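As a plain string of letters, each chain reads:
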Amino acid sequence: RARADVIMGIRGLTAFLDRFPSVWDTLVLKPLTPAEIKEGKQRVIKLAVDGYALLYYLYFSNNFNCVCGGQYAQFAEFTKSYISNLQKNGFSLFVVMDGTIEEAKEQTIVQRETDLVKTVKQLTSSEKYWGKKALPVLCRNVFLEVLQSLNVKVAFVDGEADKVVAALARANGCCAISKDSDFYVLELPAGYIPVDLLEVNRSGHVVAKRFARARFLQELGLKSELFPLFASAVGNDFVGLDLLRPFHVSLAQEEATLPASWQGGDKEPTIRDLLIVKVAAFIAKHETESAAINAILAAAVKQHEQDVANGEEVKAGGEEEGEKAQVFTKEALEEAIKTSVQQYKLDPALVKAIGADTKLTTGAKCGMSPVLIQKFRDGNFDPKTMNVLTRGSFWCGGLVEDVDAESAWSSSRPIRSAMYAMLLEGTKKSVSERVRVEGHKFGEEEVEVASSSPLPFSEVLKGADASKRRKALFDILGEAPANMPEQQLLAAACVRYWIKTQAPITAVEVAAVLAAMLQRDEDKNIRQSKEARPAWFSLKFAHRLAHLQAIFVSANLLDQVLLHPVPAINAAEAYDGEFCHRFHHLQFRAKGIAALSEQLRKDGVDWKTFWNMYKAVTDNLEDKIKGTIQENLEGGIMWGPTGPEGRDETVEKSVDISKLVDSKKGAQAKGVTGGLFGTLLDDEEDEDEDEDEDEDED
């Protein structure tokens, strides 16, 4: 998610608190013993949770790979383990998710999506990509599926979740869980625990650190009611550094006395550490908020006048990329501070944001019916499609792709255009798709709504029968593959759509995707994912896989709008980025009769199931695929005469194999052989070369 929170955090405060152990309370919990349970002991600890903060934490804290498109099965297993252990320790979670994108936040999100495009460029092609992250596009779906399977309460709100989380925590007397330094400021009876400090150890015990707000204020000598002003004067999204610069410079000669319990260790305090204590000391001198604001304004104006008189150039430009410049004036600083302070005041009515009432409106014929609102709140009507109804826009972000090529959202646009026609029922002629455009920027493209709809959404809500809804789905996606298990039907139909739109595609690309779907759960769930970009990563294949994931997203949304005439795509079952890339790398130049069958065997994929699925998915699409697969007379399957990619295929050389595999020993040392999901075909290497020589002689 490109975050568009009302407040994005207090500059430097989290780092300052990381070295301030006395302002944290450590809580350690372990599950009740069987004896305690038998005695009737119970423990219920309620938590109000910012869903996206938890989602990001769970995916990236375990260093799951994102450059290959997502490791959904491992992520699902880790999330299930983490939440289950919290529940065993008596925690009861209420997870609040962001909903639609409000007009006031759109430009902020556009800027952050543009920044994400630059991040993807670094992830896929730069040597300096460590620490860069992009949340895979289907992670939220997997996250919700796990929460629902564990009976965790989830609610989507109209806009941003942060303040609703805080209001629920205050109203219910429970801890708030998020990753936003603004929560430190809010007065919450049961406190605030940053999500990365709510840890489950290997023993299943929970170790949490809760912020001791009163103790922190005491250490800095601040009154509770002055905390919002302190946060604003340090700097946040409402009060930028350009406006605050004169005030901050005016404090240069002030003595900075760090609290006695603050621990710098071997490191000297940073300039921002010192600034935090100086701002606190300045504000602490004043009895009231208004008096402190007036003092800040006076100090800032005096310093600004001195700067101008001395001819010092005062540049206006945000400290962080994408930050809007703010030109200093007394009036601008005063307005920004007062606006910021107001943001820390919680409206008790926010607790109703998870209920039947809504501020969302639509001009579509379906209206904002109670049935639709409840589906939205429960996560059964996606915010992306709700945004189409309420704002006439659809946000196409979050793909790890080749950012120098056309957006990978392009091939699935016909699916969405048909969906827009169903939703809007003639009330709009176009929908604004926010998508990556030329120049590595996130822009806007008007997409024409399909001229006719196979089934209007208002009719769906009134109870259109399942056969009619199913027909509408496959009229848009194309004919469903024959003899396919119901749970795999939608994903398989998407692969057919992918082959058609990406033609000419190669047999090995299709094989990699289907083999990934047919892995054993026990294999993929325990396989360790690595954050690094693998040596066998192919940008060309990554872009094709990004197209596939965009098709998955679009098809899932269409299926949801039609009230699921077929089961939705389970990303944990349907996509495995690392597997796809490695299978493709191992097989795209494979030779020998046994190469494909042996690879499937090593990956734990039943060749007969794979072959039946491959034939069903590629039926009547052979002219769109380079390379072939055929049955082996001795049993099993093999690459056909044209090989995995077709003889005339110009093969992308994504990695120098000679460097990757010098010998069987060398390959093992580099971690590219063995494992549950495939190895280099070391044992057949010599045989393959001999066979190739024989063919050349013939």
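Attention in this report is confined to the structure presented alongside it. Since the model is a prediction, treat every value here as computed from it, not as a measurement. (Residues numbered from 1 in each chain as written. Predicted model: local features only at pLDDT ≥ 70, side-chain atom pairs only at ≥ 80, totals over all residues. Heavy atoms only, no water.)

## Focus: unusual backbone geometry
In this structure, the amide linkage connecting Ala503 to the following residue, Pro504, adopts the cis form with an omega of 0 degrees. By the element assignment, Pro504 lies in the loop between α19 (486–502) and β12 (505–506). One non-glycine residue with positive phi stands out, namely Glu425, at about 50 degrees. As for its placement among the helices and strands, Glu425 is situated in the loop between α16 (413–424) and β10 (430–437). Judged by relative accessible area, which is 14%, Glu425 ranks as buried. (Helix = DSSP H or I, 4+ residues; strand = E, 2+ residues; numbered from the N terminus. Buried < 20%, exposed > 50% of the residue type's maximum accessible area, 1.4 Å probe, protein only.)

## Digging into the sheet that holds strand β8 (residues 206–211)
Strand order in the open sheet made by the 3 strands is β1-β8-β7, with antiparallel pairing throughout. Two strands bound the open sheet, and with one partner strand each, they are β1 (24–29) and β7 (198–200). Put simply, the sheet's adjacent strands are angled 15 degrees from each other on average, direction ignored. Bridging between β1 and β8 involves 6 bridges; their strand directions are antiparallel. (Pairing = 2+ DSSP bridges. Axes fitted to C-alpha atoms, helices over the stretch in contact; angles between N-to-C directions.)

## Describing the nonpolar core
Core analysis: the largest hydrophobic core is formed by 153 residues, its most contacted members being Leu54, Leu93, Phe552 and Phe610. With 13 residues, the top contributor of residues to this core is helix α22 (residues 539–561). In this structure, Val96, Val164, Phe216 and Leu220 belong to the second largest nonpolar core, which totals 64 residues. (Core = buried A, V, L, I, M, F, W, Y, C linked by side-chain atoms within 4.5 Å.)

## Notes on the sheet that holds strand β4 (residues 153–156)
The sheet built from 5 strands is open, its strands ordered β4-β3-β2-β5-β6 with parallel pairing. Strands with a single pairing partner mark the edges of an open sheet, and in this sheet they are β4 and β6 (192–194). The mean angle between the axes of side-by-side strands here comes to 25 degrees, regardless of whether they run parallel or antiparallel. As paired strands, strand β2 (residues 45–50) and strand β5 (residues 175–178) are joined by 3 bridges and run parallel to one another. Bridge pairing links Leu47 to Cys175 in β5.

## Considerations on the environment of Val146
Tracing the backbone shows Val146 in helix α6 (residues 139–149). Taking the C-alpha atoms as reference points, Val146 and Thr79, separated by 67 residues in sequence, lie 7.1 Å from one another. In this structure Val146 touches Ala76, Thr79 and Lys80, once residues within four positions along its chain are discounted. (Contact = heavy atoms within 4.5 Å.)

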